[in-house]
Amino acid sequence: LVEVEGTAFADHRCFACSEGFSSVGSAHCVSCGANHYLPAAAEQEHDYSSCLECPSGSWSPPGTTSALGCRPRPACTERDVGLKMSQCMPGEQRTVTARWRQPRVCDPEHQDSVQLPGDRTSACEPCQPGMSRKAVGTPPTLECVPDSINCPEGKRAIRERITSHWYSWPRDTRSVVQTMAGSRCSSDQDLDSYSWLSVSCSLLEVLGWRIEPLHGLFAEVGSFNQHRTDLTPAGTDLDAMLHFGVEIGEGGGHAKIVMQVRPPSFLGAHLVLQVDGQTAVLHQEEVEPPSSARDDFKLFGDFIVVKFWLAAGRHQVTLVWQHLGADAAGGDAGARVWVTSFENEVAAGARRCEDCDPGFEVSADMLVCTACPAGRSTAQSADSEARCQPCPADTYAAVPGSADCTPCGVGMWSPEGSTQCLWRDVTGSVAGNGSARVYNVTGLELAWRTARRQYSGSFEASGGRFYVLELFDKATRPSASSEMDGPAPTDDSGYVWEVSEKYAPAGRGGTTQCVGTSSDQVLNLGSALDAIEPLGNGSGLVLHYTGGSLCGGQPRESFVTLKCDMEVDATLGPHALKEIQAGDSSRCAPVRLEWQTPEACPLCSITDYAMAVSDCSGGTRAVSYIKRTLCMGGLPVPLSSTEVCGSGIAIGVWIVGGLMIVCLCCYAFYLRYKWRKTYDSYVKFQGEVRNKIGRSTVEFTID
């Protein structure tokens, strides 16, 4: 048996009342509604349905559990008056009906109360910028619909949803109050029907975002209705949220909100901007007050604009004002929103046109600028069109949105509309015999990249100097290690660099330490690939680099020979470099380096193979092919075969000759048979002609 004494149980959370109400901090639910309370006797007897009405001239929220909870009704002021407007009718008039804001806690009969105005007719409020009123429906009403604009060719229409006046909640905009206990109420519900159903609804028009009622200039939040804050139980924490539902078109768009915050330090603390529930990173700056702001409104605080970016898609942008405890019921803090702007909102109107940025073209609906695909740019089109066109041959655009096509470098080419350049095969002739040799530069580049990937840093050539090479791509200037004192030197990029002897190599991986800070530590030996030329003996290529660091007033240059060597390991990297010629004592002479690799050999062709024939055996012999020059890739070695040889050749000749004689005899017999009758008629005709010679008329027939 285990017995525990002196233990109290506590709930870990608050529970919603399924029936009845409760006040803040209640341990139970009661059935007392608005303007009623639960007497103390009923509380002691746990009879939560014996409710009494508050005395005349007082009121209470639902769930009140004591007569002390009945509070006197103050005099009604202009802030207790709400306006309800009918739809805008033809003639741009609408009916304005005044009503008391709910929940009504003031006393209309109080001698100091303002009178509730009667119904009146007023002009319809202006549409938001970018919208105009048009007749819609039956019977017709005047609704604000988005404007449209016809832009010239190549320009896009800028859609922008702007709210600059606040006579009513704009489209897809609502005020929401949510308590920390989870009670929630929204302005898109009917206040008259729900106003006493929950604590949050009783607070919506007190501490929630609301429209400035007299001039429609802004939406505000804060503790501005001091006599109505009795609705706020002590210690209540809640969030007043202003939601903007937006849908941004393809390409995204900028958003900005012009507001006042008092005190300014509350921005980011009590006032937070959220996008899709996540706190947004804001860029804010002071701006001039809107033209509609009167001087007395300017006293509220400085005008600031917050800017942020919205990607394409649906978003909920929320301004959250956090009421914390006693701050919710007092103080002079608050915020006012004057102008909101959402660019490229799909349901917004368009008022202006603009050009797309270089590298972008206007969409078919002329509303969005879309990036040119890789391989295209707008540089080839006329300024008035700004259409994406394929890059010309020998140029390329590697990424979408390229403003221009980049020319291919020396020794490279590309077809129209390319995203990258390809290396041209280099053709040269061998001195002496004039035979053509073709070098696969693409394969050579791949071999270099593969070998280079295994190593980093600088490498000591056979001559004792240290170099950094990127033969086919520019590299940034090599800098000293983190142990180096002072800033690393900066210079343009290049292909070949010579580094100071002060760099100490660390195995195959290159250097890891250096000393000194002199700019002479690193010398650029070539910032441009000037030429790719074949060697005269057909054994490789020479890469010529120019435009290096100035030396003696002249730019440095270098030559890197890629030597054909079928015996070398193809994976050997820059550490296998040989130094053919180093700079002289002034270090101004060209530097010549050599890298030996099988990939530097020319492509094989039919002339690179010699036929090898075996001895004749049994009337046949083997035929094979061997390389007679150094080459790699290209035409593969021809397949081995066999051929007839020796006495077999003579036998074959006799057989063929005999067959030809037989064929000729057969053909002659065929002709004799085919033309026999014709020949007999010809002989008969010849005899008759002889018998009739001398007659005046010769008659004959041939059957």
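For the structure itself, look to the data block above.
We now turn to the structure provided with this report. Just so it is clear, the model here is predicted, and its values are computed rather than measured.

It is worth spelling out the pairing of strand β15 (residues 238–248) at this point. The buried fraction of β15 is high, at 9 of 11 residues. Across 11 bridges, β15 lies against strand β21 (residues 313–323) in antiparallel orientation. Following the sheet pairing, Ile248 is matched in β21 by Gly313.

For the rest of this paragraph, the subject is the nonpolar core. Counting residues in each nonpolar core, the largest one holds 31 residues, and the members touching the most others are Trp209, Met259, Leu271, Phe308, Leu310, Leu319 and Trp321. The element best represented in this core is β15, accounting for 5 residues. Among all residues touching Phe308, those that are not within four sequence positions of it are Gly253, His254, Ala255, Ile257, Leu273, Val275, Val281, Leu282, Val317 and Phe342. Core analysis: the second largest hydrophobic core is formed by 30 residues, Val441, Leu469, Leu541 and Ala600 among them.

With that out of the way, let us pick up the pattern of salt bridges. Tallied over the entire structure, the rule returns 20 salt bridges. A salt bridge links Asp172 to Arg171, with the shortest nitrogen-to-oxygen separation between them at 3.1 Å. Here Asp394 ties to Arg424 by a salt bridge, and the two come within 3.2 Å at their closest N and O atoms. In this pair, Asp394 is assigned in the loop between β27 (389–390) and β28 (395–396) and Arg424 in the loop between β31 (422–423) and β32 (426–429), connecting sequence segments 30 residues apart.

Our focus in this paragraph is the sheet that holds strand β36 (residues 496–499). The strands that make up a sheet pair up through hydrogen bonds in the backbone, lying either parallel or antiparallel. Strand order in the open sheet made by the 4 strands is β34-β35-β36-β39, with antiparallel pairing throughout. One side of each edge strand has no neighbouring strand; the edge strands of this open sheet are β34 (459–460) and β39 (522–526).

Moving on, we come to the state of the cysteines. Counted by the stated rule, this structure contains 12 disulfides. Covalent S-S linkage joins Cys151 and Cys353, the inter-sulfur distance amounting to 2.0 Å. Between Cys151 and Cys353, the disulfide has an S-S torsion of -90° and is therefore left-handed. Of this pair, Cys151 sits in the loop between β9 (141–146) and β10 (155–163) while Cys353 sits in strand β23 (residues 350–355), placing them 202 residues apart in sequence.

The rules behind each value
- Residues numbered from 1 in each chain as written.
- Predicted model: local features only at pLDDT ≥ 70, side-chain atom pairs only at ≥ 80, totals over all residues.
- Heavy atoms only, no water.
- Buried < 20%, exposed > 50% of the residue type's maximum accessible area, 1.4 Å probe, protein only.
- Helix = DSSP H or I, 4+ residues; strand = E, 2+ residues; numbered from the N terminus.
- Pairing = 2+ DSSP bridges.
- Core = buried A, V, L, I, M, F, W, Y, C linked by side-chain atoms within 4.5 Å.
- Contact = heavy atoms within 4.5 Å.
- Salt bridge = Lys/Arg side-chain N within 4 Å of Asp/Glu carboxyl O.
- Disulfide = S-S within 2.5 Å.

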